[in-house]
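Below are the chains, spelled out letter by letter.
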Amino acid sequence: MCFATCSSCVTLFVLSLSSPTRCDVSGDVTGRRLSGPLRLFGLALGSGAAGVGLSYWRRPSEEIELPAVPEPEAFIHPYETWPWYQKAWFAFKRSVFLAFVFAPFMCASLVLLVKKENGNAGYWREFWLQQMLECTQRAGAAFQKFGQWLSMRPDMFPPDVILVLSKLRADAPAHPGTVSRQKLREHLGKEVEELFEEFEEEPVASGSVGQVHRARLRPEHALDGPGGHLREVAVKIQHPGVIESAFMDLNIVWKIVEFSENFLHMTMPFDRSDFDGVIQAQMDFTREAFNLQQFAKNFKGESCIRFPKVSSRFVTPEVLVETWESGELISNIMEDFDNAKAKCQDAVSALEEKKRQVQGKLSKILYDMSMKMMVRDNFVHGDLHGGNILYSMSDDHVTVLDAGIATSLEKRTFAPFGVFLHALCSGQTDIVVDYLQRFNESKICVNTKQLKTDIQETMDKYMGPFRLNQHGPLNAADMFGEVMFTLQRHGMLLKGDVASTLFTISISEGLVRQLDPTFDVAKQALPYIAKYMGSVLNHF
């Protein structure tokens, strides 16, 4: 029986937990892995054996501190420095390319509409979904990132669309190993064989901006100095052409958002310049290295949250060498649970219970981390999804990867935003309206009375007498969305840093709610705001 087979693999599962697995740039995990059902039955049924075989410990490398990476200057996109004729020629070429790339998806969409009318849409919907994935992958970083964010909002799309979009977090096209070698030579000034004892030509992961190769540094080039311990590394190398395409593609993405407002229920009533700057900054890997060190500093001493280590000697705008981290992708863990349930019906209840425990534990860890980033540190990871977070079941820690996008509020905005967030999470309409007007950068005169009426309707819908599920958790992302639509109707534009932070909250909430649909992010936020911003609340 499946039950007996899986139970006999407990020991193998324990060994698999300690296998060095790692991913990055929304990529796949490599290393020795048992198949999902076998590993997860070991977890669900063999916890006693696992408890005997594993202990809580910290690797010596975790205590090593590397020299600080200087904060890079503000990112200036090369497109800004081009003469007008070069911009025009590039825009023409890029437009033709994107029209060619998305042509199959548009054709598939038309066919699906016809077949849907005839009641024979099953095969063609699968074909349409496949074209959606392949065309978005070929289109480039901006479109892939947009698809990744949409995949975090299962309330906006059918499950099959969410499933396909989620693949963008792991299945981006890779560039040839020869390109990686060339970039390493150009940016680090040495051949691969001079730097590394081992270098895997085949990337272990590829994401929207770059790909990762696993490698082992030579002793004299260890991250912590000659003869050091930090030699097992992930080498992240930027895809060719990413920077050039991203500038124009962001404009196209915003046009898609505007076009899709009615049927996707999505809007962006804010000044795009700050937001675009946050997105484009991830094109510079020195920014990511700085962010990783800043996050590690902010969470020093918190053993359940870790970040890869980086050395300034191995950081350039297009190449980043960081420590290889252990763990399993959160997205893979959840997928393995589902696969195990499908294949081994004899122990579905045990698996579901274990899945609830793991997801509940993860949601608490990640929410705690997100709120501390926001209200304690004012430095927030802007791309938290299941493909960017590793989880080690052996000692309950997460490792956060791919920190190219990080958001912060201006110093003068941080305290007022805390008051606004507290009011939003507690349903205080008057304060919410007051601070929305403070954050408004539009020159249009706002009808404050009507704005207050509209915001009150939103509060009543999600937190008051008209709430559909009086006992269920508040869907904060949906509530934020309704507030955004209200701002748009009134011609208001949020400050860019406020909009970026609200967007980041939406992404984080999407991850937490995917792990635990019963988690009430608004209710849980109040104690954090009170603890870390209590004096601010009293002052205001």
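Residues numbered from 1 in each chain as written. Predicted model: local features only at pLDDT ≥ 70, side-chain atom pairs only at ≥ 80, totals over all residues. Heavy atoms only, no water.

Going by the annotation in an unreviewed UniProt entry, the name recorded for the protein chain is Probable serine/threonine-protein kinase abkC, with Durusdinium trenchii given as the source organism.

Moving on to the packing of helix α6 (residues 122–139) against helix α8 (residues 159–166). At a minimum axis separation of 9 Å, α6 and α8 run at an interaxial angle of 30°. By the criterion of interaxial angle, the relationship of α6 to α8 is roughly parallel. In the packing of α6 onto α8, the handedness of the crossing is right-handed. Between α6, through Arg125, Trp128, Leu129, Met132 and Leu133, and α8, the contact on the second element is made entirely by Asp160, Val161, Val164 and Leu165. Of the residues assigned to the contact of α6 with α8, the class counts are seven nonpolar, no polar and two charged. (Axes fitted to C-alpha atoms, helices over the stretch in contact; angles between N-to-C directions. Helix = DSSP H or I, 4+ residues; strand = E, 2+ residues; numbered from the N terminus. Parallel < 35°, antiparallel > 145°, perpendicular 65-115°, else oblique. Left-handed = near helix turned anticlockwise from the far one by under 90°. Contact = heavy atoms within 4.5 Å. Nonpolar A, V, L, I, M, F, W, Y, C, P; charged D, E, K, R; others polar.)

As a further point, take the side chain of His381. Residue position: His381 is located in strand β9 (residues 380–381). Its relative accessible area of 0% is what places His381 among the buried residues. Reaching out from His381, the side chain makes a polar contact with the backbone nitrogen of Asp383 at a distance of 3.1 Å. Only 2.9 Å separates the side chain of His381 from the backbone oxygen of Leu401, close enough to count as a polar contact. With residues up to four places along the chain from it excluded, the contact list for His381 reads Phe295, Met373, Val400, Leu401, Asp402, Ala403, Ile405 and Thr504. (Buried < 20%, exposed > 50% of the residue type's maximum accessible area, 1.4 Å probe, protein only. Polar contact = N/O pair within 3.5 Å; in protein donor to acceptor, adjacent residues only side chain to side chain.)

Spatial strand order, β5-β11-β10-β8: four strands in an open sheet with mixed pairing. Among the strands making up the open sheet, the edge pair consists of β5 (305–306) and β8 (328–329). Strand direction decides the pairing type here: β5 and strand β11 (residues 397–400), joined by two bridges, are parallel. Across the sheet, Ile305 pairs through a bridge with Val398, a residue of β11. (Pairing = 2+ DSSP bridges.)

Glancing now at the packing of aromatic side chains. How two aromatic rings sit relative to each other is set out by the distance from centre to centre and by the angle between their planes. Applying the stated criterion across every chain yields a total of 15 aromatic pairs. Their ring planes at 85° and their centres at 5.9 Å tell us that Trp84 and Tyr85 sit as a pair that is edge-to-face. Residue Trp84 shares its accessibility class with Tyr85, and that shared class is exposed. Each ring, one from Tyr367 and one from Tyr528, has its centre 5.9 Å from the other, and the planes form 80°; the classification is edge-to-face. In this pair, Tyr367 is assigned in helix α15 (residues 348–377) and Tyr528 in helix α21 (residues 521–539), connecting sequence segments 161 residues apart. This pair shows no difference in class: Tyr367 is buried, exactly as Tyr528 is. Through a chain of ring-to-ring contacts, the aromatic side chains of Phe295, Phe299, Phe307 and Phe379 assemble into a single cluster. (Phe/Tyr/Trp six-rings, centres within 6.5 Å; stacked < 30°, edge-to-face > 60°.)

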